[in-house]
Amino acid sequence: MTEKDLLYNTILARSFSKNEQKRLGYGAFIASIFFVFTLCTIFKPYLSPLPIVESQLSVDVGLRMLRISETHKPKALSSSNYTTSQSNITSNTTNTQRLTSSEDDKLSVYNDTSLPKNHSDSFNRTTPTLISKEQVISDGNMMEETVKCKKQSRTEVCELNGDIRVHGKSATIRTAITSAFSGNTTWQMRPYARKRDSGAMNNVREWTVKLDKNAERLENANFSRCVTNHSVPAIVFSLGGYSMNNFHAFADIVVPLFTTARRFNGEVQFLVTNKNQAWINKFKEILRSLSNYDLIHIDDENETHCFPTVIVGLKIHPEYFKELTIDSSFSEYSMSDFRRFLRDAYSLRNAAVDLRRRRPRIMILSRAGSRAFTNTDEIANAAGETGFEVVVAEASTGLASFAETVNSCDVMLGVHGAGLTNMVFLPENAVVIQILPIGGFEWLAETDFGRPAMGMNLRYLEYKIAAEESSLVRKYGRDHEIVRDPSAVIKRGWMAFKSTYLVQNVTVDINRFKPVLAKAFELLQKQSM
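A short tour of the structure in this document, coming up. (Residues numbered from 1 in each chain as written. Predicted model: local features only at pLDDT ≥ 70, side-chain atom pairs only at ≥ 80, totals over all residues. Heavy atoms only, no water.)

1. Looking at the side chain of glutamate 156
For clarity, the cut-off: The way it works is that DSSP assigns letters per residue, a run of H or I at least four long becomes a helix, a run of E at least two long becomes a strand, and they are numbered from the N terminus. The contact definition used throughout considers only heavy atoms, calling two residues in contact when any of these lie within 4.5 Å.
Inspection of the secondary structure puts glutamate 156 in strand 3 (residues 156–167). Excluding anything up to four places from it in sequence, glutamate 156 contacts Lys150, Lys151, Gln188, Met189, Arg190, Lys195, Val312, Gly313 and Leu314.

Shown next, in the form of structure tokens:
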């Protein structure tokens, strides 16, 4: 018997003829293909590549606007001379991050149902960031502990309730947890709302937030014994970072402090780290309006302060490139609420533009040093001929008096810079005119002042200077790379951009600029009709 005959005499072969066996093989092959296809269809979502996480750069890390400006040119704010917009920009779309990279990126929640209602409710009003983990425990005691720590793209905030002990000299905040908990119990935090900017964060003191699982051990720790007991919540925030720049003072501290502290109606204690007396003196009216208590320079304190509630860090818009903005979908407040608060804090009279009995008033922001107007008098004369009453001022006086001057005006005109931040004091429906120097300022101008202005119910106009209006032409010549091709300079990095384009001055071409003044006047006249 041949080998072929032996194979045919298997059990299967005894039951089927050769032709039947062949047909059976074909059927099995087709069934196998169908089975594999079905598996691929079912598991396709799980076999696709992981989504790429879009990295977000700091608004102040050198090349933040330089690298992005080439692909994110402003659409609504582009024109050879000026652009206008009469509608506010509001966005309900947020870009939050799911944090799963490390243990201290996770959120632990201990529910507290016995806190005073105005405190516990306020913590739950804000829509939370997407988180990687949430754990809830309850020990059944009358006073349960609550710890909520979350990280967003721009800030870190921990909210602690219960027996909270703060020791300034060691930069440590501790609280006791009586129930078993397997999550992370220690966080390192720098309470300043620009966390991805190393230049800012290097000037911010690091704090340790620690949960002690043994209340008795907490009591026995020498520095944890309460020396001063407080009956109101506390907020820990830094005056380091870029706090002495007027734009960052508002964007990184004042606006976030308002959104974090306002709900307490003054019954909150401020604990300031990175003492900065000049900042405190400048913004004393705001601090007094948000807190009924003298602030504590907590870094100097060697004794332990105890609170029923402590918030470490300040809440801010979760999207990195949303400056001077409060999104009501993430906060119980809005920029209108913030501007109303400022008018109350500084006793400002004008809530909205009213031209029924007077000429419109324009403020020309003068600057000492770079990005200054070299023909301020000519600009003032042109504004007067257009129909404006003209005020020329530099934001070097006390903030309270300068806020009053700004609030008395209907138009603010200035070269891109921190002085334009004072538009927060303008009345509703006023006009902001931003002058853009050469060098690729479009994206930065829109992010820092264009969109925020419209979000404050202000009208926004933009004037992009020609090369001949820049002092760089007189210094380097029209055909020099710096004037002819700013993108080549940009590619060399932030320091090259900063040392080149942030030091230029502007000589406005009056004939070219007059239509912008006329447009501002027209917008105000329409408003008063």
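2. Some points on the packing of helix 12 (residues 376–386) against helix 19 (residues 510–528)
Let me state the cut-off plainly: Note on method: axes are straight lines fitted to C-alpha atoms, helices fitted across the in-contact stretch only, with angles between N-to-C directions ranging 0 to 180 degrees. In these notes the angle categories are as follows: under 35 degrees is roughly parallel, over 145 is roughly antiparallel, 65 to 115 is roughly perpendicular, and the rest is oblique. Handedness of a helix crossing follows the sense of rotation of the near helix relative to the far helix, less than a right angle counterclockwise being left-handed and clockwise being right-handed.
At a closest axis distance of 10 Å, the pairing of helix 12 and helix 19 adopts a crossing angle of 45°. Overall, the two elements helix 12 and helix 19 adopt an arrangement that is oblique. For the pair helix 12 and helix 19, the crossing hand works out as right-handed. On the side of helix 12, the interface is formed by Glu378, Ile379, Ala382, Ala383, Glu385 and Thr386, while helix 19 contributes Ile510, Phe513, Lys514, Leu517, Ala518 and Phe521.

3. Side note on the side chain of arginine 194
The line we're drawing: Between N or O atoms, a polar contact is any pair within 3.5 Å; within protein, one atom must be a potential hydrogen donor and the other a potential acceptor, and residues adjacent in sequence are included only when both atoms are from side chains.
For arginine 194, the position within the fold is in the loop between strand 5 (186–189) and helix 6 (198–201). Side chain to side chain, arginine 194 and histidine 248 meet in a polar contact 3.5 Å long. At 2.6 Å, the side chain of arginine 194 and the side chain of aspartate 252 are in polar contact.

4. Quick word on helix 12
Selection criterion: We call a residue buried when its accessible area falls under 20% of the maximum for its residue type, exposed when it is over 50%, and partly exposed in between, using a 1.4 Å probe and counting protein chains only. As used here, the arc belongs to the directions running from the helix axis to the C-beta atoms.
All of the buried residues along helix 12 are Thr376, Ile379, Ala380, Ala382 and Ala383. Considered in projection along helix 12, the buried side chains sweep an arc of 160° and stay on one side of the axis. Across helix 12 from its buried face, at more than 90 degrees, point the exposed residues Asp377 and Glu385. Along its buried surface, helix 12 packs onto strand 12 (361–365), strand 13 (389–393), strand 14 (411–415) and helix 19. Note on helix 12: the residue one or two positions beyond its end, glycine 387, has a positive phi of about 125°.

5. Considerations on the packing of aromatic side chains
Rules: Centre distance within 6.5 Å is the pairing criterion for rings of Phe, Tyr and Trp, where only the six-membered ring of Trp is used; planes under 30 degrees apart are then read as stacked, over 60 as edge-to-face, and the remainder as tilted. Two conditions define a charge sitting above a ring: the NZ of Lys or the CZ of Arg must be within 6 Å of the ring centre, and it must be within 35 degrees of the ring normal.
Using the criterion set out here, one finds 17 aromatic pairs in the structure. Between phenylalanine 258 and phenylalanine 338, the aromatic rings sit 5.4 Å apart at their centres with planes inclined by 70°, giving edge-to-face as the arrangement. Here phenylalanine 338 lies in helix 11 (residues 335–345) and phenylalanine 258 lies in helix 8 (residues 246–261), a separation of 80 residues in the sequence. Judged on exposure class, the residue phenylalanine 258 and its partner phenylalanine 338 are both buried. Aromatic side chains tryptophan 279 and phenylalanine 283 sit 4.5 Å apart centroid to centroid with 35° between the ring planes, which places their arrangement in the tilted category. Like phenylalanine 283, tryptophan 279 is buried. Here the guanidinium or amino end of arginine 205 rests over the ring plane of tryptophan 207, the centre of that ring lying 5.5 Å away.

6. Focus: the state of the cysteines
We count it as follows: Whenever a pair of cysteine sulfur atoms sits within 2.5 Å, that pair is classed as a disulfide.
Applying the stated criterion across every chain yields a total of two disulfides. Note on cysteine connectivity: cysteine 149 is disulfide-linked to cysteine 158, with sulfurs 1.9 Å apart. Looking along the S-S bond of the cysteine 149-cysteine 158 disulfide, the torsion reads about 115°, which is the right-handed sense. The two residues cysteine 149 and cysteine 158 agree in class, both being buried. Across the disulfide, cysteine 226 is cross-linked to cysteine 306 (sulfur-sulfur distance 1.8 Å). Because the torsion about its S-S bond is -100°, the bridge between cysteine 226 and cysteine 306 counts as left-handed.

7. Focus: the environment of phenylalanine 388
By the element assignment, phenylalanine 388 lies in the loop between helix 12 and strand 13. By relative accessible area, phenylalanine 388 is classed as buried at 1%. Considering only alpha carbons, one finds phenylalanine 388 and methionine 363, 25 residues apart in sequence, at a separation of 9.6 Å. When residues no more than four places from it in sequence are discounted, the contact partners of phenylalanine 388 are Arg359, Pro360, Arg361, Ile362, Ala383, Val411, Leu517, Ala520, Phe521 and Leu524.

8. Quick look at the pattern of salt bridges
The condition is simple: Between Lys or Arg on one side and Asp or Glu on the other, a salt bridge is scored when a side-chain nitrogen of the former is within 4 Å of a carboxyl oxygen of the latter.
Tallying each qualifying case throughout the model produces 25 salt bridges. With its nearest N and O atoms 2.6 Å apart, the salt bridge here joins aspartate 252 to arginine 194. Of this pair, aspartate 252 sits in helix 8 while arginine 194 sits in the loop between strand 5 and helix 6, and the two are 58 residues apart along the sequence. We note that aspartate 252, like arginine 194, is buried. Where arginine 478 meets glutamate 468, a salt bridge forms, and the shortest distance between an N and an O atom there is 2.8 Å. One end of the pair, arginine 478, is in the loop between helix 15 (471–476) and helix 16 (481–484); the other, glutamate 468, is in the loop between strand 16 (459–464) and helix 15, and ten residues separate them in sequence.

9. Observations concerning helix 13 (residues 399–407)
Because each turn of an α-helix spans 3.6 residues, side chains separated by three or four positions in sequence point in the same direction. Looking at helix 13, one finds that the buried residues are Leu399, Phe402, Ala403, Val406 and Asn407. Buried residues along helix 13 cover an arc of 135° about the axis, so they all sit on one side.

10. Quick look at the packing of helix 8 against helix 11
Which entries qualify depends on this criterion: Each residue is assigned to one class: nonpolar for Ala, Val, Leu, Ile, Met, Phe, Trp, Tyr, Cys and Pro, charged for Asp, Glu, Lys and Arg, and polar for all the others, Gly among them.
Two numbers describe how helix 8 lies on helix 11: the axes approach to 10 Å, and their chain directions differ by 90°. What the angle tells us is that helix 8 and helix 11 run roughly perpendicular. Between helix 8 and helix 11, the contacting residues are Phe250, Val254, Val255 and Phe258 on the first element and Asp337, Phe338 and Phe341 on the second. Among the residues forming the contact of helix 8 with helix 11, the class breakdown is six nonpolar, no polar and one charged.

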